[in-house]
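Residue-level structural notes
Single-letter residue listing:
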Amino acid sequence: MSRRIVVISSGLSRPSSTRLLADRISEAVAIQVSARGESAAVEVVELRELAQDLATTMTTGGMATGTVARARDLVSSADGVIAVTPVFTASYSGLFKMFMDVLDTDSLNGMPVLIAATAGTARHQLVLDHALRPLFTYLRAVVVPTGVFAATEDFGGDGAGGLTDRIGRAASELAALVVAESGAVAGFTQVGSTGRARRSGNDLAEVTDFEDLMQGLGR
C-alpha cells in the first residue's frame, strides 16, 4: 500500500535551510515506511509560492483561491504530515500561521504529524514544544514525540551527527503511526466525511448558549 506524506515547508529564501531540512526528513520517513513493507509518496506544499494566495484568502473572509484550496485538500487527504518552519521572533513564521488558519477545522483530526524548525542559533530550539506542539495539539493532530530542530551549525558542522540521529528517530516514529493507521482496531476509530480517522475523544459536547446559562441563574 502506498502512503501519502505531505510536507508543509515555509522557508522564505531560495535556497532555504527550512526546505533542506524538510527534504532530509521526508526522505528518512519514506525509507522508514518502506522498511515496514509499504511505500511512501511525498508531496510538498511550499508556502513561499502561496504567499499572495494566502493573503487574498485571509482578506476575503476565508474564501480560498484555487491554489490554496488544492493545498488544503492535499493536507487533509494525507496519511501523515511533516511541518517545517523557520523561527521568527521565538515562534513559527507568519506565513506558516496563515496556512494553519485557512485549514478546515477538522482537517488534522487524528493526523500523524512530525514538527520541525530551523533557526540561526540553538537558543530557539524550545519553539518546538512552546509553539509548534501546542498548535497541532489544538488542531487535534497526533504529534510524534521527537521534534527536529536544526540550527545553522547542524548543517555540516559539529552538530551534523546529532541532527541525523534526531531525523532518524522522528522519521521512525512518524512512519510507525502512518503504517499503523491501516491496522486500527474496529471500534477505536471513526471515519468522518473527510476520510480522516478521528478518535472518539476528539468530539466535544454541544456548548450551552451563554444567555441560557444566565437564565438558569435567575438573572
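Let me sum up the structure you'll find in this document.

Cut-offs applied
Residues numbered from 1 in each chain as written. Predicted model: local features only at pLDDT ≥ 70, side-chain atom pairs only at ≥ 80, totals over all residues. Heavy atoms only, no water. Helix = DSSP H or I, 4+ residues; strand = E, 2+ residues; numbered from the N terminus. Buried < 20%, exposed > 50% of the residue type's maximum accessible area, 1.4 Å probe, protein only. Polar contact = N/O pair within 3.5 Å; in protein donor to acceptor, adjacent residues only side chain to side chain. Core = buried A, V, L, I, M, F, W, Y, C linked by side-chain atoms within 4.5 Å. Contact = heavy atoms within 4.5 Å. Phe/Tyr/Trp six-rings, centres within 6.5 Å; stacked < 30°, edge-to-face > 60°. Salt bridge = Lys/Arg side-chain N within 4 Å of Asp/Glu carboxyl O.

Below, the discussion takes up the side chain of Asp79. Turning to its location among the elements, Asp79 is positioned in the loop between helix H3 (66-76) and strand S3 (80-88). Judged by relative accessible area, Asp79 falls into the buried class, the value being 16%. One polar contact links the side chain of Asp79 to the main-chain amide nitrogen of Arg4, over a distance of 2.8 Å.

Ranked by internal contacts, the top residues of the largest apolar core, which has 38 residues, are Val45, Val75, Phe96, Phe99, Met100 and Phe136. At the level of secondary structure, the elements contributing two or more residues to this core comprise strand S1 (2-9), H3, S3, helix H4 (94-102), strand S5 (112-119), helix H5 (127-138) and strand S7 (148-151). Sort the elements by how many residues they give to this core and H5 lands first, with six residues. Look past the residues within four positions of Phe136 in its chain and what remains in contact with it is Ala83, Phe96, Met100, Leu108, Val113, Ile115, Ala141 and Val143. Membership of the second largest hydrophobic core comes to 23 residues, among which are Val7, Ile25, Ala170 and Ala175.

Applying the stated rule across the entire model yields two aromatic pairs. Between the aromatic rings of Tyr92 and Phe96, the centroid separation amounts to 5.9 Å while the plane-to-plane angle is 40°, which identifies the pairing as tilted. The class of Tyr92 is buried, set by a relative accessible area of 19%. Residue Phe96 is classed as buried on the basis of its relative accessible area, which comes to 0%.

Following the sequence through the fold, Leu132 ends up in helix H5. For Leu132, a relative accessible area of 0% translates into the label buried. Note: C-alpha distance between Leu132 and Ile115 (17 residues apart in sequence) is 6.8 Å. In this structure Leu132 touches Thr85, Tyr92, Phe96, Ile115, Ala116, Ala117 and Val127, once residues within four positions along its chain are discounted.

Turning our eyes to something else, we now look at the pattern of salt bridges. This model, assessed by the stated rule, comprises eleven salt bridges. A salt bridge links Arg19 to Glu46, with the nearest nitrogen and oxygen atoms 2.8 Å apart. With Arg19 in helix H1 (residues 17-35) and Glu46 in strand S2 (residues 39-46), this pair connects stretches of sequence that are 27 residues apart. Taking the relative accessible area as the measure of exposure, Arg19 reaches 29% and is therefore partly exposed. Under the relative-accessibility criterion, Glu46 is labelled buried at 13%. The salt bridge partner of Lys97 is Asp101, with a shortest N-O separation of 2.7 Å. Here Asp101 and Lys97 lie together in helix H4, a separation of four residues that amounts to about one turn. Its relative accessible area of 29% is what places Lys97 among the partly exposed residues. Overall, Asp101 belongs to the partly exposed group, its relative accessible area being 41%. Salt bridges here are not isolated pairs; linked through shared partners, they connect Arg3, Glu38 and Asp79.

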